[in-house]
Amino acid sequence: MNKILTAENIERTYKIGQTSLRVLKGVSLDVNEGETVSIMGESGSGKSTLLHVLGGLDTPKSGNVKFRGQSVYGMSAGKRAKFRAEKVGFVFQSFHLLPELDIVENVALPSMAKRGETDPVARAKELLTEVGLGERIGHRPAELSGGERQRVAIARALMNDPEIVFADEPTGNLDSKTGEKVLNYLFQLVETRRHTLVLVTHSKEVASRCSRELFLKDGLLV
Ligand code: ADP
Ligand code: MG
């Protein structure tokens, strides 16, 4: 098995006024290519913090994140931005779509950060069709339901054909039936395209769909 991502001894502390909150206390993790990994843990246990550190969005206080052997936080900010744009896809709990753009433009947006996409609009439409939104092309996020918006966000996360996808409670704002439908699309895309997935969830049932289940507790992965 090829390791795609390794985290060694990650520590992350938030300073709030005079006090500091140690959220991650030395987290280590190996993610293999093609694996789907779930991370569960109580609210406030640091799951989002960990996902952001793993995805190159948040510099840890100490420890190392390596993507295919290369240190993510050893890179310049510019190189790290390129790494995020080209190798990483993110799906957030609250969708993070741009309201002014229609859904094709939302999905195609990441390709602006990457050169070489010959026809971003065609690819965006293809991805939207794959998440069941082929009939909604031209609509804006406000015209869609929560589940549909999250399917747009999934299509956007896959726009640049990332090597690894991070999803932070992607169904947290959806009712369970809608959430299940969204997850079916996510797993179907990830599995057919052989993306690696790290998924944060509150749901045991969702976690059990992954090839490996981890828990974050007291600042450590168990
Ligand atoms: P989870 O995703 O598991 O709910 P988070 O990673 O969002 O947990 O947060 C972990 C802890 O760190 C929480 O107690 C939260 O309040 C705190 N926290 C998160 N982000 C910040 C921040 N930017 N500044 C201060 N405290 C934060
Ligand atoms: Mg969170």
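For the structure itself, consult the block above.
Residues numbered from 1 in each chain as written. Chains lettered and ligands numbered in written order. Predicted model: local features only at pLDDT ≥ 70, side-chain atom pairs only at ≥ 80, totals over all residues. Heavy atoms only, no water.

(A) Local environment of the site of ligand 1. In the vicinity of ligand 1, the contacting residues are Tyr14, Ile16, Leu21, Val23, Glu42, Ser43, Gly44, Ser45, Gly46, Lys47, Ser48 and Thr49. Within the backbone of Ser45, one N or O atom sits 3.2 Å away from an oxygen atom of ligand 1. With respect to ligand 1, the side chain of Thr49 contributes an N or O atom lying 2.5 Å from an oxygen atom. When the free accessible area of ligand 1 is taken as 560 Å², the share hidden by the protein chains comes to 60%. (Near = heavy atom within 4 Å. Polar contact = N/O pair within 3.5 Å; in protein donor to acceptor, adjacent residues only side chain to side chain. Areas by Shrake-Rupley, 256 points an atom, 1.4 Å probe, with all protein chains shown as cover.)

(B) Geometry of the packing of aromatic side chains. One pass over the structure, following the stated rule, counts three aromatic pairs. When the centroid spacing of 5.2 Å and the interplanar angle of 25 degrees are considered together, the rings of Phe90 and Phe166 count as stacked. In this pair, Phe90 is assigned in strand E6 (residues 88-91) and Phe166 in strand E7 (residues 164-168), connecting sequence segments 76 residues apart. For the pair Phe90 and Phe166, a shared accessibility class is recorded, and that class is buried. One aromatic cluster is present, formed by Phe90, Phe92 and Phe166 through successive ring pairs. (Phe/Tyr/Trp six-rings, centres within 6.5 Å; stacked < 30°, edge-to-face > 60°. Helix = DSSP H or I, 4+ residues; strand = E, 2+ residues; numbered from the N terminus. Buried < 20%, exposed > 50% of the residue type's maximum accessible area, 1.4 Å probe, protein only.)

(C) Geometry of the sheet that holds E7. Spatially, E6-E7-E8-E3-E9-E10 is the arrangement adopted by the six strands of the open sheet, whose pairing is mixed. At either end of the open sheet lies a strand with only one pairing partner, and these are E6 and strand E10 (220-221). On the sheet, helix H1 (residues 47-54) packs against strand E3 (36-40), E6, E7, strand E8 (196-200), strand E9 (212-217) and E10 and is oriented at approximately 160 degrees with respect to E7. Each of E6 and E7 touches helix H5 (residues 146-158); the most contacted strand, E6, lies at about 170 degrees to it. (Pairing = 2+ DSSP bridges. Contact = heavy atoms within 4.5 Å. Axes fitted to C-alpha atoms, helices over the stretch in contact; angles between N-to-C directions.)

(D) A look at the packing of H5 against helix H6 (residues 176-192). Where H5 meets H6, the axes come as close as 9 Å, and the angle between the chain directions of the two elements is 15 degrees. The angle between H5 and H6 falls in the class roughly parallel. With respect to the hand of their crossing, H5 and H6 are arranged in right-handed fashion. Two secondary-structure elements touch here, H5 through Gly147, Gln150, Arg151, Ile154 and Leu158 and H6 through Thr178, Lys181, Val182, Tyr185, Leu186 and Leu189. (Parallel < 35°, antiparallel > 145°, perpendicular 65-115°, else oblique. Left-handed = near helix turned anticlockwise from the far one by under 90°.)

(E) Spatial organisation of the environment of Gln150. When you line up the elements, Gln150 lands in helix H5. Among the residues examined, Gln150 registers a relative accessible area of 0% and is labelled buried. Linking Gln150 and Val131, residues 19 residues apart in sequence, is a C-alpha distance of 9.8 Å. Residues in contact with Gln150, not counting those within four places in the same chain, are Val91, Phe92, Gln93, Phe95, Pro170, Leu174 and Val182.

(F) Region of the structure containing the pattern of salt bridges. Considering all chains together, one arrives at twelve salt bridges under this definition. Between Glu11 and Arg22 there is a salt bridge whose closest N-O contact spans 3.7 Å. Pair noted here: Glu11 is in strand E1 (residues 3-16) and Arg22 is in strand E2 (residues 19-32), with a separation of eleven residues, a long-range link. Judged by its relative accessible area of 44%, Arg22 falls in the partly exposed class. Between Arg68 and Glu163 there is a salt bridge; the shortest N-O distance is 2.5 Å. (Salt bridge = Lys/Arg side-chain N within 4 Å of Asp/Glu carboxyl O.)

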